[in-house]
Amino acid sequence: MSDPWLTIIGIGEDGLAGLSEASRKALARAETVFGGERHLALAEVGGRGRPWPVPFDAKIVLSCRGRPTAVLASGDPFWHGAGAGLAEKLGGDEWIAHPAPSAFSLAAARLGWRLESTVCLGLHAAPFERLGPHLARGARIICLVRDGKAAGDLARWLSERGWGASAFWMLAALGGPRESIREYRADSLAGDLAGNLVTVAVEAKGGQGMPRSSGLSDDLFVHDGQITKRPVRALALSALAPRPGERLWDVGAGSGSISVEWVLCGGTATAIELREDRATNIRSNAAAFGLERRINVIAGKAPEALAALDPPDAVFIGGGLDGMMFDAVWARLSPGARFVAHSVTLETEALLGELHQRHGGELMRVELAHAAPLGRYRSWEATRPVVQWSAVR
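The structure displayed is predicted, hence computed values, not measured ones.

Peer 1: What am I meant to see in the pattern of salt bridges here?
Peer 2: Pairing between side chains of opposite charge can happen when their charged atoms approach one another. With the rule as written, the count across this model stands at 23 salt bridges. A salt bridge links Glu94 to Arg65; its shortest N-O distance comes to 2.8 Å. Residue Glu94 is located in the loop between helix H4 (83-87) and strand S5 (95-98), and its partner Arg65 is located in the loop between helix H3 (59-62) and strand S4 (69-74); the two are separated by 29 residues in the primary sequence. Among the ionic pairs, Arg161 bridges to Glu160, the shortest N-O distance being 3.6 Å. By sharing partners, the salt bridges in this structure join Asp224, Arg275, Asp277 and Arg278 into a single network.

Peer 1: Is there a simple way to think about the side chain of His342 in this case?
Peer 2: Within the element layout of this structure, His342 appears in strand S15 (residues 338-343). Here the side chain of His342 touches Gln388 through a polar contact of 2.8 Å, side chain to side chain. Every residue in contact with His342, bar those within four places of it in the chain, is listed here: Thr228, Val232, Ala236, Phe316, Ile317, Gly318, Gly319, Thr348, Leu352, Val386, Val387 and Gln388.

Peer 1: Mind showing me how you'd approach the environment of Ala151 here?
Peer 2: Mapped onto the elements of the fold, Ala151 is located in helix H6 (residues 148-160). In this view, Ala151 contacts Val145, Phe168, Met170, Leu189 and Val200; residues no more than four positions away in its chain are not counted.

Peer 1: Which parts of the structure should I look at to understand the sheet that holds strand S2 (residues 32-35)?
Peer 2: One key point about sheets: their strands pair by backbone hydrogen bonds, in either a parallel or an antiparallel sense. With respect to topology, five strands assemble into an open sheet ordered S3-S2-S4-S1-S5, the strand pairing being parallel. The open sheet has two edge strands with one neighbour each: strand S3 (49-51) and S5. Averaged over all pairs of adjacent strands, the angle between strand axes in this sheet comes to 25°, irrespective of strand direction. Strand direction decides the pairing type here: strand S1 (residues 6-11) and S4, joined by six bridges, are parallel. Within S4, the residue paired with Ile11 across the bridge is Ser74.

Peer 1: What am I meant to see in the sheet that holds strand S19 (residues 386-392) here?
Peer 2: What the seven strands build is an open sheet, ordered S13-S12-S11-S14-S15-S19-S16; its pairing is mixed. The open sheet terminates on both sides in strands that have one partner only, identified here as strand S13 (295-299) and strand S16 (362-366). Going from strand to strand, the sheet's axes swing by 15° on average, the running direction of each strand aside. Inspection of the sheet shows strand S12 (residues 268-273) paired to S13 by five bridges, in the parallel sense.

Peer 1: Any chance you could explain the packing of helix H10 (residues 323-332) against helix H11 (residues 346-359) here in plain terms?
Peer 2: For any two helices packed against each other, one specifies the crossing angle of their axes together with the interaxial distance. Between H10 and H11, the shortest axis-to-axis distance is 11 Å and the interhelical angle comes to 35°. Every pair of crossing elements has a handedness; the one defined by H10 and H11 is right-handed. Contact residues: H10 offers Gly323, Phe326, Asp327 and Trp330, while H11 offers Leu351, Leu355, Arg358 and His359. The residue makeup of the contact of H10 with H11, split by class, is four nonpolar, two polar and two charged.

Peer 1: Please explain the side chain of Arg278 as it appears in this structure.
Peer 2: Along the chain, the position of Arg278 falls in helix H9 (residues 276-288). On the basis of relative accessibility, which here comes to 15%, the residue Arg278 falls in the buried class. Not counting the four nearest positions on each side in its chain, Arg278 is found in contact with Asp224, Gln226, Gly254 and Glu273.

Peer 1: In this structure, what is going on with the environment of Ala299? I would like to understand it.
Peer 2: Of note, Ala299 is situated in strand S13. A relative accessible area of 38% means that Ala299 is categorised as partly exposed. Linking Ala299 and Pro244, residues 55 residues apart in sequence, is a C-alpha distance of 25 Å. Once residues within four sequence positions are removed from consideration, Ala299 is found in contact with Glu273, Glu276 and Ala279.

Peer 1: Sorry if this is basic, but what is going on with unusual backbone geometry here?
Peer 2: Negative phi values dominate among residues other than glycine, just as trans dominates among peptide bonds. Of note, the amide linkage connecting Ala302 to Pro303 takes the cis form, showing an omega dihedral of 5°. Note that Pro303 resides in the loop between S13 and strand S14 (314-317). For Glu44, which is not glycine, the phi torsion reads 55° and is therefore positive. Its place among the elements puts Glu44 in the loop between helix H2 (37-43) and S3. According to the relative accessible area criterion, Glu44 is exposed, its value standing at 63%. In this structure, Ala241 is a non-glycine residue whose phi angle is positive, near 50°. Tracing the chain through its elements places Ala241 in the loop between helix H7 (230-240) and strand S11 (247-251). Take Ala241: its relative accessible area is 24%, and that puts it in the partly exposed class.

Here is what the cut-offs are and how they apply
Residues numbered from 1 in each chain as written. Predicted model: local features only at pLDDT ≥ 70, side-chain atom pairs only at ≥ 80, totals over all residues. Heavy atoms only, no water. Salt bridge = Lys/Arg side-chain N within 4 Å of Asp/Glu carboxyl O. Helix = DSSP H or I, 4+ residues; strand = E, 2+ residues; numbered from the N terminus. Polar contact = N/O pair within 3.5 Å; in protein donor to acceptor, adjacent residues only side chain to side chain. Contact = heavy atoms within 4.5 Å. Pairing = 2+ DSSP bridges. Axes fitted to C-alpha atoms, helices over the stretch in contact; angles between N-to-C directions. Left-handed = near helix turned anticlockwise from the far one by under 90°. Nonpolar A, V, L, I, M, F, W, Y, C, P; charged D, E, K, R; others polar. Buried < 20%, exposed > 50% of the residue type's maximum accessible area, 1.4 Å probe, protein only.

By themselves, these observations are geometric and do not establish any function.
Below, the structure is given as C-alpha cells:
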C-alpha cells in the first residue's frame, strides 16, 4: 500500500516548534502546502504555500491528487475545521491527519474547566442565536468568533437578552508567544477590540435559560394565531417522541412551533406551509432559536410538496387532514415511523375515528379551559376541543 498523498496537519500559535516529528516530515516532503496566510507563515513553507481560496473550496486540494500535499488548519482540523470536509471526499488510504490541541482544549486548560461539561461552538460563521438553547444559569460555553469586533458584538447580544452579568473571557493566540487572556463582565465590555479568530469563554449568569420540557411558551414564537397551543403541543410532541438524528415532516406547519421543539431535541424538520406569510414566520422562528440550518421550510401544498422529500421518522399534521392526504403520507412511511394528527372539525374527527379503527394507535379528545378574571370571581374560557390520533406505521 502506498503512503497517503495528503497530510492534514493541525498547527498552533507556537508554529513549527509545536508540531510532532511526523507533521514536520510531512511538511518537508510536501510539494504544495495549503492553509490560511497565518498558518503558512507559522509553518515557514515559503514558496510552496498556497493560501485558501475564499470561500473555501476543496477542489483546489483535490487538483493535487497523487502528489505529496499538506493542508494546515488551526488546532484540531476535525473540530470546526477543514478536516472532515476533505476526508469525506477521499478514500481512507489517501489521507492521514496529525491534529494539535484545539482552541477549545487550550481555553479549557487555561480556565481550569472540565471540557466534557463545557459547550463548544463555532460562531465565526454562524449567528449568535445558535448560542440561545445552551444558555442556562452556570453554563460554561467556549465559542470561536471571527475577531475582536465579533466578541464585542457577542457581549452586547448577551446583555440585550438578560445575560449581561455573565463572566466573559477573551482568549487570543492561545499556545503562542502572543497569548493573551482578558476577563470582563459581558455588559461592561466596551468598544471594538482588535484581534482575529478570538476564542470567547462565557460563564452564564443573570438569565434563566430556555426550559427543556415540551410545550414552550406561545410568546416565544412569531405567529398570526395559527399555532399549536402550548399544552396541546406538549401532548403532540410526547406522541411524536423525538430522538436525536430523526427527521420530521410538519405538514401545515403554521408557525413552525412543532418543528422548532422537535429540532431542539436533536433532529431535523421539514415544515410544509401553503401560505407564504406563515412560511416567513416559520423561518423567523427557526432563526430566533438558531435552528435555520436544521429546519427546511417549503412553501407549498401537501401532499404534492412531499414528493421529493426523504421519508421521515415522524409526521405531524396539525389540521386539514383528509383521506387523500393520509393515503399519500402513510404510503411514504417506513415501518416504525410515527404519525400524529390533530382535528378541530367534525369531518376530520370522523376521519381520525376511522383511521383509529383501521390502524389502531391512540385516539384522545383534549378539552382545555383557562381561568379569566371576572370582577371578584373567575370565569372559565374553553378552547375548541382537539382530537389527537397517533399511531406507529
